[in-house]
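# Inside the fold
Chain residues, written in single-letter form:
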Amino acid sequence: MTMLESRTQAIPEVVAARAEQARKVYGEGETQVVALDSVDVSFFAGEFTAIMGPSGSGKSTLMHSLAGLDRLTSGRVVIGDVDLSQLSERDLTLLRRTKIGFVFQAFNLIPTLTAEENITLPIDLGRAAPDMAWIDEVVRAVGLSDRLGHKPNELSGGQQQRVAVARALASRPQVVFADEPTGNLDSTTGAAILDFMRNAVRQYHQTIVMVTHDPVAASYADRVLFLADGQIRSELRDPNTDSILAALRSPAQTASNDSGRN
Amino acid sequence: MWNITRKNVAANKVRLALTALAIVLGVGFVSSANILSDGLRDSFGDLAAEIVDGTDLQVDRVDSDAPLTRADVERIEVVPGVRVAEGNYGEDTVFPVRPDGTLVRPEGPPVLAFSWTVDEQLNPSAIEQGRAPEGPGEWIVDFSTAEREGFVIGETYDLVVPTAEGFAAAELVGTFRFGEDNQTNGAVLLAFETTTAAVLLDQTDFASVSIAIDGTRPVSTVRTDVEGLFTDGYEVLDTADLNAETSAGFNQAITIFAWVLRSFAIIALFVSIFIIANTFNIVMSQRVRELGLLRAVGATPRQVRRAVLGEALIVGLIASATGIVVGLGLAYGLEAALNGIGAELPPFDKPLSLQTIAIGMTVGVVVTLVSAWVPARRAGRTSPVTAISGSDGTDAGSRRSTIIGGVLAVLGGALTGIALFGGIETTSTLLILLGVGAALFLVGITLLSSLVAAPISRALGAPLAAIYKRPGFLAKENAARNPKRTATTAAALMIGLSLVSMAFVIGQTLKSDLNTLLETTVQADYAAFPNTSGLVPESIVSDLEAAPEFDTVVGFKYWSTDVNGREGTEIGTTDFDQLNAVLDLDLVDGDFSEVTNDTTAIWEGFAEDNGLALGDSVTVLLENDTTTELTIVAVFADSNIFEGLLVTDTRWDTIGEQDTFDWVGINAAGDDLAEADAAIEAFATAYPQVLVQSAAQYRADITGQVDFLLMILTGFLGLAILIAFIGIVNTMALSVFERTRELGLLRAVGMTRRQTHTMVRWEAAIVSLVGAIFGAGVGVLFAVLVVVATPDFVLNNLSIPWLSLIALVVVAGLIGLLAGFMPARRAGKLDVLDAIG
C-alpha cells in the first residue's frame, strides 16, 4: 500500500499533510523500540482519514508527529508547505496554534474558561481577532449556541466534546487531528460528534485525521489506514463497519503483533 | 503507572524539600536565639564572677533613701573577723572627653565610673601602668580604652560630670586591668580616689560597702554580726549572693534580647504553619485516589491519619535537625548583623547546648505535626469511593471553616482589645494576650478571606487579562479557582506584611506627631537637651544668654511628685516671663504671669481628670515630706511637652532634687540663622553632654532613628516574608503539577512557553498581592488600635504612609513574580506528550 496507489484513486488533489520516511525510535541498543518504521503517507485536503491499529502499532506516534507534538528520529513531516523538522520549538507551537486543530479523548477543555472562551482559545493565544461569523457558524453547527457561557463542569461529556471539535475548527486549521474523540462517549453521543466531523469535511472542506480503534467510528471516515508494527499495512476507501472489521481480521493486520511496542 | 509514580516522587522531592525549608528556617532562628543568649550569658557570667571574686561580704542599700556613710564603714571595720571594709561609689554619668571635644561613649556598652578600691583583694582590677588615683584632679582608665582612645598618662583630660558645672579636668595618672585580661565586654571603665569620686559623681552616700574577712571567724558568723549593725533597708550578701545578683542583672538584659529574637522566630514558625498545612492539604487532595484505595482495601480513617502524620513526623525530624545546624551558622550571621547595626556585642562562644537541641527539635516537630493535623484528619475521612471517581482537587470554602474563622477572628479581636484597653499592668501578660489575640485574629481572617479571595484575585488580575490577553486571563482565573488555597498561601505573606505595615504606620505617626509638635508647640529656633545621662548643666544657660547670637534662652526642668495624692504627677519649672518666646503651651484659661510661689499652671487634661478648675487648690508633696497648697492660676492645653503642673523656680527648689535642665529653648537674636548656626555648633562642641540642635536637625535625627528601627524590624520580619515566599513557590509548584494535563492541552493548542511562564508567574503574583493587600489592611487596623490605645503623648494623630504601603504591595507583587519563576519554568518545560498522554 503505497502513496502512489492512493493517488490513483483520483478524488483528492491537494495534500494537506504528509510524512516522508517517518521513523521514530525510542530507547537505545537492546531496549530500542521502533515505533514508526519509515512511513510514507499523505493526507488530502478535504478528506476525513481514520488511522486504525492495535495498541503499540504506532498510530498515536504517527499522529503526534504529524501534529507537531513529537519530533521524528528521521524523515520529515510537512503540513501544507511547512517542513516541521526545520521548525524551532516556538515556531512549532505557533504552527499548532494556527494550522492544526486538536480533539483529544478526554480533558479537552480548560476548566476555568467558558465554552466560548475554550472555542476561541487558540485564536486568543495569538491575539488575532477571531472570525466571528465563522465561529458563530461552527457554534450553531455543533448546537452549542445556548451553552456558550457555561464552564466545562456544567456541560455533559458529549457537549464537552462538541466544544472541543468547535475549538479545533475555530481557527480554520489546515488539519484537525482527533485522538479517539468518541472514546469516552456513549454510542449515540459519539455518533453525533462523528456526524458533525464528517459534515465539517463535506461542508467546509476541512481535513480531519482521526486515530481510533473503534470500527464504527472509523466507518465515518473517507479513508482508513491500518497500522501495525510502525508500518502502514493496508488502506480502505469509503469504508463501512463490515469492511473495516474484515480488514482488521486479515492476516496482514494480525501478523507479528508480538514485536510491537508496548 | 510507573510514569505517574515517577512524577509523584519527583514532585514529592520538591514538596518535601520546600516544606522542610520553612521549618529549617524557623527552627534555625529559634536555635540561633538560644545559642546567642547562652553564649552571652556565659560571657557575662564570667564577668560577674570576676567582679565579685575577692569580696567576701557586701552591704547594699535596698532602700535608695537609706544612708550608707563613712561612719557605717567604720562600724563594719570593727566587727570581729573583718579585715577591711571599703565604701564604693559607681555611676554611669561620667564620660571622658577626647582632645577633639567629643565624648568617649560607645553605643551599646556603658561607661562606668567608680571609686578605686584600695584593698587589692577586694578590687577586681589592678593597676597596669602608672599608679592609682590618690586625690582630686586624678583619674585612671582601663588600659584597652586608653590604647583605643590614645589617652596618655600624665596628660590632663576633661571629663563630663553630673555636677552643676558639668565638667572637671583631671590628670590621667594610670591605667588598670579589669580581672585577668580586661574582658570588659566593651564597657569603658574609669576610677577615682573615693572622696574625689563622691564629688565628681555627685554622691553623698555609698552605693555599697565591700568587706574582706581575715579568716579568724567563718563568713556566716561575720555576716550575722554585720547584719546586726543595720536595720531594714539594707542587705548583706556573700560572694555567692553577689555572683547571682550580678549575673541576674546581666541575664535580665540578655533574656529580653533573646526574647526579642525569639519573637521573630515565633512569627516565622507561625507563618510556617500555614505553609506546611497548605502543602499537606494540596498533596492530600492530589493523592485522594491513593487514599481512597487505601480506605477501599480496608484501612481505617485512623490508620490513614497516622500514615499522614507519620510523614509529617519524618519531615519535622529531619527539618528540625537541619534547622539546629543552620541555627549555629545563623548565630554567627546574627552576631555580625547585630554588630553591623551598632550593637557592639562582646566576643562570645556559640555553645550548642542540649537544651537548644531539645527546644529546636520539639518546636520543629510540634509545628509540623500541628500543621499536618487538619490535612491528616481530612485524609482519614476520604471516602473509599474516591478511589474510583477521584476528585477534582478543589475544595471550596465550607460553611464550617467560615464559622470557625468568624469565631476565631472575633475571639482574637476581643483578646487584643482586652490587652490594649483592659488596663493590664503586667508586661508579660499584656504581650501574651496581644500575641495570642493577634495570632487567633490572623487565623480567623485567613479562614474568612477564602470567601473573598476569588473576587479579589479576579479584580487584581483584571488588568492582566487586558495586558497579556488569554495567558493573563488564565492567570487571574487560576488564582481565583481555588480560593482556600489562594487564601492560605496569601495568609503567610499577610502575617509578615501586616506586622511590617503596622510598624510603618506607627513609625509614620511618630514622625508626624513630632512634626506637629515642632510646628505648633515649639517656637524656639534651637533646643538643647541631655545627650545621655540626663544632665544639662546650668552654666550652658548663662553661657547661651551671654552669647550675642541668641536672644531668649528658656530652661525647663521636670520632676515628678504626688499631687492630690496622685503619684508620679509631672511637675516642672520654667521662666514664665519668657516662656511664650520658645513654647506655645496653648493657654486656655488664666495667665502664666500670675504664677507665684503659692500658685501653679496646670495641664487641662490633668485638671479634667481631677475635676479641677481655675481658682481651685491642689495639694503638692514637697521634698521634706510635708505638703503645700497651690492655687491654679493658669490652664494650658498642650500635652506634647508637658502633662502636669508648672511652678516657679523657688517653689521648685522645695519639691525637686534636680538642679539641671531637661530642655532648653533658644531663640536667635537676629533673622540671620547662619551666624546662630555657627554659634550653636560651637556650643555643641563645648558641651558634648548636651545635644544642641535646630528643629530641623532634631526632626532629621528622630526621623532617622525611627527609620533605622523600622529597617531593623523589617529585616527581622524578612525571615517570615522569606518563608511566605517559599510557601508561594511550593503552592505554585504543586498547582503546576496538579494541572499537568491542562498545561499539556494549552501547550498543544498553541500556548508558547513564554505565555505559559507569564500565566504561572502572574498567578503567583496575584496570590502574593492578595496577601499583601490583606497584610496592609490588617497592619493598618492593628496600628490604629495601638495608636488609640497608647497615651497621646506617645502616639497622637494617626498618620498612614500610603506611599510606603503601596510600595510594600508592589514589592510583594514582584516577590510573587519571582516566586513563580521556578514553577513557571517547570510548567514551560512540561513534555506535552507526557502531559496529555
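These numbers were taken from a predicted model, which means no experiment stands behind them. (Residues numbered from 1 in each chain as written. Chains lettered and ligands numbered in written order. Predicted model: local features only at pLDDT ≥ 70, side-chain atom pairs only at ≥ 80, totals over all residues. Heavy atoms only, no water.)

## Considerations on the overall build of chain B
- Along the backbone of chain B there are 24 helices and 22 strands.
- If you line up chain B on its principal axes, its C-alpha atoms span 95 × 70 × 50 Å.
- For chain B, with 837 residues in total, the buried portion stands at 52%.
- In chain B, the share of contacts with a sequence separation of at least 24, taken over all contacts with a separation of at least 6, comes to 83%.
- Total accessible area computed for chain B in this model is approximately 35,400 Å², and 59% of it derives from carbon and sulfur atoms. (Helix = DSSP H or I, 4+ residues; strand = E, 2+ residues; numbered from the N terminus. Buried < 20%, exposed > 50% of the residue type's maximum accessible area, 1.4 Å probe, protein only. Contact = heavy atoms within 4.5 Å. Areas by Shrake-Rupley, 256 points an atom, 1.4 Å probe, with all protein chains shown as cover.)

## Overview of the confidence of the model for chain A
Residues and elements named next belong to chain A.
- Across chain A, the average pLDDT comes to 85, with 91% of residues at 70 or higher.
- Across chain A, strand S8 (residues 208-211) holds the top mean pLDDT of 95, while helix H1 (residues 3-7) sits lowest at 42.
- Predicted confidence for residues 254-262 stays below pLDDT 50, and this span has 16 contacts to residues more than four positions away or in other chains. (pLDDT = per-residue confidence, 0-100.)

## Observations concerning the sheet that holds strand S1 (residues 15-26) of chain A
All names here are of chain A.
- With antiparallel pairing, four strands are arranged side by side in an open sheet as S2-S1-S4-S5. The two strands at the open ends of the sheet, each matched to only one other strand, are strand S2 (33-44) and strand S5 (82-83).
- As defined by bridge partners, strand S4 (residues 74-79) adjoins S5 across two bridges and the pair is classed as antiparallel. Its bridge partner being in S5, Ile79 is matched across the sheet by Val82.
- Each of S1, S2 and S4 touches helix H2 (residues 59-66); the most contacted strand, S2, lies at about 55 degrees to it. (Pairing = 2+ DSSP bridges. Axes fitted to C-alpha atoms, helices over the stretch in contact; angles between N-to-C directions.)

## Re the environment of A:Arg18
Residue and element names in this part refer to chain A.
- Looking at the element boundaries, Arg18 is found in strand S1.
- Arg18 sits in the partly exposed class, given a relative accessible area of 23%.
- Measuring from C-alpha to C-alpha, the distance between Arg18 and Ser42 comes to 4.1 Å, with 24 residues separating the pair along the chain.

## Quick look at a nonpolar patch on the surface
Residues and elements named next belong to chain B.
- A surface patch of nonpolar side chains, amounting to about 360 Å² of accessible area, comprises Leu313, Ile314, Leu317 and Ile318.
- Examined against the element boundaries, Ile318 turns out to sit in helix H8 (residues 301-340).
- On the basis of relative accessibility, which here comes to 55%, the residue Ile318 falls in the exposed class. (Patch = residues over 30% accessible without salt bridge, like charges linked within 9 Å, V, L, I, M, F, W, Y side chains within 5 Å. Salt bridge = Lys/Arg side-chain N within 4 Å of Asp/Glu carboxyl O.)

## Remarks on the interface of chain B and chain A
- Of the residues lining the interface, 25 residues belong to chain B; the matching set on chain A comes to 28 residues.
- Of the roughly 2,300 Å² buried between chain B and chain A, counting both surfaces, carbon and sulfur atoms make up 66%.
- Our count for the chain B to chain A interface comes out at two salt bridges.
- For A:Glu89, the salt bridge is made with B:Arg747, and the minimal N-O distance between the two is 2.6 Å.
- Our count for the chain B to chain A interface comes out at seven residue pairs in polar contact (both at pLDDT 80 or more).
- Broken down by element, the residue count for the side of chain B that touches chain A peaks at ten residues, all from helix H12 (residues 427-481) of chain B.
- Across the side of chain B that touches chain A, the residue classes break down as 13 nonpolar, four polar and eight charged. (Buried area = accessible area lost by both parts, 1.4 Å probe. Polar contact = N/O pair within 3.5 Å; in protein donor to acceptor, adjacent residues only side chain to side chain. Nonpolar A, V, L, I, M, F, W, Y, C, P; charged D, E, K, R; others polar.)

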